[in-house]
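Report on the structure
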Amino acid sequence: MKQTTEALIKDEYTGAPSKRALAYVQSKRENKAPVVGIYCAYAPLELVRAMDAVPALLCAFANGPIEKAEAVLPSNLCPLIKSSYGFIISDTCPFFSLSDAVIAETTCDGKKKMFELITGYKPLHVMDLPQVPDAAEAEQNWTAMIGKLKAFLENTFKTTITDKRIEEEIKDTNEKNRMMRKLFSYASRVPSAIGWSELYDIIFTATPSSGRDLKPLLDTAFARLEERVARNECHGAPGAPRVLVTGSPLGGDATKVFRVIEEAGGVVNAIDNCTGMKCFMDDIEENTGNPLAALARRYLKIPCSCMTPNRRRLDTMDCLVAQFKPDVVVDVVLHACHSYNIESHKLGKHVMEKHGLPFLKIVTDYSTGDIEQLRTRIEAVLESARARMSAAGR
């Protein structure tokens, strides 16, 4: 029996971004497009779209399903992994329900073992991600992994994915990324013309969408933002500290951090997470004659903390500071996300010594129990930023 979008939305996964993304995926499914679930930014979306399928971002950001997951998983495991697993075993993730197959990447040990537990629910393909991206063999190995994914998709869906179609989707992604960078330019204005909730809403929809499908939404957003700029309207109070948020993937219940920052008088104008701006900041080489290798080179540039050494994250931070001119950098680390937690020391030192900015590391989960503690710490770092701004005559 055909389910409506409203029927597929469960209490544990609500909010405008998820509803819009779900409506998009379901509309594609109703037009006979296969649905392929993804967990991570390393999944090559162009390969999925090249077989006229639609990617679906699988649920991972709600506290509700975690209790069920902890019947199997350790309680001190990353909440993103527990939430992902809890959604599946409780059958409350509409995106997983719609998916015909799932792509999984070995970004961390917890995810790798969780993937073993969900084998059998859907056809699942695990991609062995190289984690020393500058090694000579990394590109070759990741190209091979993308080739194996291509074979899995072709075998699962009884189709052929041609180089021509992959190249078309590469060009479409590049156009989408250019449009998204134009959107981000409104956040880089001083003062910012767009807030985090608008950015997050569009990013959540943009990630699985093609550029063709996203263009009407962005055209409407650009018109709205141009009107806002013409009226000299800005997001937040004039002179409010600008905050760049980085760290672990954030969404759903984890957006409590964004809300507390703005309740404390800051303005979140840059979101440097895998679930934020990160995936739209670079383009893929076109017309190389080997589109799988072009995809491999692009995806290996994503500066996730699972990579080592991860100099690219510091280089990216330099570019973001120059473009978005933050007054504070907040590094959000999910509990038991060890790679981001350890890397935070190096990042904080870089931000404070090279850019002279206040830096705050937050370790949190999806519950609401630490909100007041977060508020106290965020208020303190924003006060430090205000003192710095005042000393600079701002």
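One can find the structure itself at the top, above this paragraph.
Residues numbered from 1 in each chain as written. Predicted model: local features only at pLDDT ≥ 70, side-chain atom pairs only at ≥ 80, totals over all residues. Heavy atoms only, no water.

1. A look at the packing of aromatic side chains
Aromatic ring pairs are reported here in terms of the distance separating the ring centres and the angle at which the planes meet. As enumerated under the stated definition, the model contains eight aromatic pairs in all. Where Phe96 meets Tyr121, the ring centres are 6.5 Å apart and the plane angle is 70 degrees; that geometry is what we call edge-to-face. Here Phe96 is found in helix H6 (residues 94-98), whereas its partner Tyr121 is found in the loop between helix H7 (109-118) and strand E4 (124-127), with 25 residues between them in sequence. Aromatic side chains Tyr186 and Phe222 sit 6.3 Å apart centroid to centroid with 25 degrees between the ring planes, which places their arrangement in the stacked category. Of this pair, Tyr186 sits in helix H9 (residues 163-188) while Phe222 sits in helix H11 (residues 211-230), and the two are 36 residues apart along the sequence. You'll find Tyr186 and Phe222 in the same group, each marked buried. (Phe/Tyr/Trp six-rings, centres within 6.5 Å; stacked < 30°, edge-to-face > 60°. Helix = DSSP H or I, 4+ residues; strand = E, 2+ residues; numbered from the N terminus. Buried < 20%, exposed > 50% of the residue type's maximum accessible area, 1.4 Å probe, protein only.)

2. Digging into the state of the cysteines
As used here, a disulfide is simply a covalent bond connecting the sulfur atoms of two cysteines. In this structure the tally under the stated criterion is one disulfide. Each sulfur in the disulfide pair Cys59 and Cys93 lies 2.3 Å from the other. Handedness of the Cys59-Cys93 disulfide follows from its S-S torsion of about 80 degrees: it is right-handed. Here Cys59 is found in the loop between strand E2 (54-57) and helix H4 (66-69), whereas its partner Cys93 is found in the loop between helix H5 (79-89) and H6, with 34 residues between them in sequence. Taking relative accessible area as the criterion, Cys93 reaches 3% and is therefore assigned buried. Lacking any disulfide linkage, Cys304 is separated from the closest cysteine sulfur, that of Cys306, by 3.5 Å. (Disulfide = S-S within 2.5 Å.)

3. Side note on the sheet that holds strand E7 (residues 328-334)
Spatial strand order, E6-E5-E7-E8: four strands in an open sheet with parallel pairing. The open sheet has two edge strands with one neighbour each: strand E6 (267-272) and strand E8 (359-364). This sheet shows a mean twist of 25 degrees between the axes of neighbouring strands, independent of strand direction. As paired elements, strand E5 (residues 242-247) and E7 share five bridges and run parallel to each other. The residue of E7 that forms the bridge with Gly247 is Val332. (Pairing = 2+ DSSP bridges. Axes fitted to C-alpha atoms, helices over the stretch in contact; angles between N-to-C directions.)

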